[in-house]
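Now for the letters of each chain:
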Amino acid sequence: MRVILHDQDFSRAERLFSALPRQGLTVEDLPKAAIESGMAGLDEGAASLLPVLLGLMPERDAAGQVRRMRAAGVANPLVVLQDELDPDEVARILDDGADDVVGPPFAAVEIAARLRSVTRRHHGLRSQEVRSGGLTVYLDGRHPEFDGQPIRLSSSENTILRILALNSGKVVRRDALFDALYALADYQPYMKALDVHICKLRKKIEAHSGDGASMIRTYTGKGYALEGEGAAAG
């Protein structure tokens, strides 16, 4: 899963950039200008797929910053880091639009779990599993399974499948998928790269199920959807 990080505590940010990838997260820096512009340039559909981890210095107005971000149009799942968990301040931060607040010791394993949790809640899911027929997709980064047998995927393929699973039965636009994979990254491939990933993903599912195309359907001019008999959140 990709997460966007903006932390004014540079020492903490450095630690998180090092520790969070070991929890299966790809961390991208979020410039201040992006916050102030409401994530301008990011596809609207990608917003709910990219959680934001926001860390502020103790003397800064965290609740006010969250309020301004939401007013500017930032719709991403939002987790705020606070050096002190004062109940009144935590309540203000949550009331002004944050999805969660995390305090010291800022353990990467806990932060990763909270990011997965808020992303899951944004999509109305209760667990880390989504099933479509014999296919089970795990939202915590594990490889999917078909009838209990693991399907080995690349990182990009697993990310695409996880995004489709978060939106099971709904069409995810190609632009949203592309931004969820590559937005804010230094390297921006052609859109065709997404189609290549989809093709490889279908073939790997098909090797286990016999029919990958019907599970990941193409809606011409729109996008892709995870479908199949019994598609449901676990």
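Below you will find a few notes about this structure. Everything numeric in this text was worked out from a predicted model, so none of it was measured.

## Concerning the pairing of strand β11 (residues 216-219)
Strand residues, when the strand is regular, have side chains that alternate between the two faces of the sheet. The pairing of β11 with strand β12 (residues 223-226) spans four bridges and is antiparallel. The residue of β12 that forms the bridge with I216 is L226.

## Quick look at the pairing of strand β7 (residues 135-138)
Of the two faces of β7, the one holding L135 and V137 and the one holding T136 and Y138 are both buried throughout. Where strand β6 (residues 129-132) meets β7, four bridges bridge the pair, whose relative direction is antiparallel. Within the sheet, the bridge partner assigned to V130 lies in β7 and is V137. Pairing analysis gives two bridges linking β7 to strand β8 (residues 145-146), with the strands arranged antiparallel.

## Focus: helix α7 (residues 174-182)
Along α7, seven of the nine residues are buried, which leaves the element largely enclosed by surrounding structure. Within α7, the full set of buried residues consists of A176, L177, F178, D179, A180, L181 and Y182. Looking at the packing, one finds that the buried side of α7 touches β1 (2-7), α6 (155-166), β10 (172-173), α8 (192-209) and β12.

## Some remarks on the packing of α7 against α8
The description of two packed helices rests on the angle between their axes and on the distance between the axes. Closest axis-to-axis distance for the α7/α8 pair is 10 Å, and the angle between their directions is 90°. With respect to α8, the axis of α7 lies roughly perpendicular. Counted together, R174, L177, F178, L181 and Y182 of α7 and A193, L194, D195 and H197 of α8 form the full contact between these two elements. In the contact of α7 with α8, the residues fall into six nonpolar, one polar and two charged.

## Some points on the sheet that holds β11
One open sheet holds the three strands; their spatial order is β10-β12-β11, and the pairing between them is antiparallel. Across the chains shown, the open sheet's two edge strands, defined by having one partner strand only, are β10 and β11. Bridging between β10 and β12 involves two bridges; their strand directions are antiparallel. Directly across from R173, in β12, lies its bridge partner G223. Along the sheet face, α8 touches β11 and β12 and points at about 145° away from the line of β11.

## Overview of the packing of aromatic side chains
Counted by the stated rule, this structure contains zero aromatic pairs. When the ring centre of F106 is taken as reference, the NZ or CZ atom of R12 above it lies at 4.8 Å.

## Observations concerning the nonpolar core
With 30 residues, the main nonpolar core has L135, L161 and I216 as its most contacted residues. Where this core is concerned, the elements lending two or more residues are β7, α6, α7, α8 and β12. Ranked by size, the runner-up nonpolar core spans 19 residues in total, among them L16, A19, L20 and L81.

## Things to note about unusual backbone geometry
Here the amide bond leading from P104 into P105 is cis, since omega sits at 15°, within 30 degrees of zero. In this structure, P105 sits in the loop between β5 (100-102) and α5 (108-122). At F106, a residue that is not glycine, the phi angle is positive and equals roughly 60°. Inspection of the secondary structure assignment puts F106 in the loop between β5 and α5. Despite not being glycine, D147 has its phi angle at roughly 50°, a positive value. Structurally, the position occupied by D147 is in the loop between β8 and β9 (149-150).

What counts as what
- Each chain has its residues counted from 1, following the order in which its sequence is written.
- Per-residue local features of the predicted model are confined to residues with pLDDT of at least 70, and side-chain atom pairs are confined, for both listing and counting, to 80 or more; whole-chain, interface and lining totals are unaffected and use all residues.
- Side-chain descriptors were evaluated using all non-hydrogen atoms of the structure, hydrogens and water having been removed beforehand.
- In this analysis, strands are considered paired if DSSP registers two or more bridges between them.
- Secondary structure elements are defined from DSSP: runs of H or I of at least 4 residues count as helices, runs of E of at least 2 residues count as strands, and each element is numbered from the N terminus.
- Exposure classes here rest on a 1.4 Å probe applied to the protein chains alone. A residue is buried below 20% of its type maximum, exposed above 50%, and partly exposed in between.
- Residues count as neighbours in contact if any of their non-hydrogen atoms are within 4.5 Å of one another.
- Angular values range over 0 to 180 degrees, each being the angle between N-to-C directions of two axes fitted as lines to C-alpha atoms, with helices fitted over their stretch in contact.
- Angles below 35 degrees are treated as roughly parallel, those above 145 as roughly antiparallel, those between 65 and 115 as roughly perpendicular, and all remaining angles as oblique.
- By the convention adopted, Pro, Cys, Tyr, Trp, Phe, Met, Ile, Leu, Val and Ala count as nonpolar, Lys, Arg, Asp and Glu as charged, and the other residues, Gly among them, as polar.
- The pairing test for Phe, Tyr and Trp rings, Trp by its six-membered ring, is centres within 6.5 Å, and the orientation test on the planes gives stacked under 30 degrees, edge-to-face over 60, and tilted for anything in between.
- A ring is scored as having a charge over it whenever the NZ atom of a lysine or the CZ atom of an arginine sits within 6 Å of its centre and within 35 degrees of its normal.
- Only buried Ala, Val, Leu, Ile, Met, Phe, Trp, Tyr and Cys residues count toward a nonpolar core, and they belong to the same one when joined by side-chain atoms within 4.5 Å.

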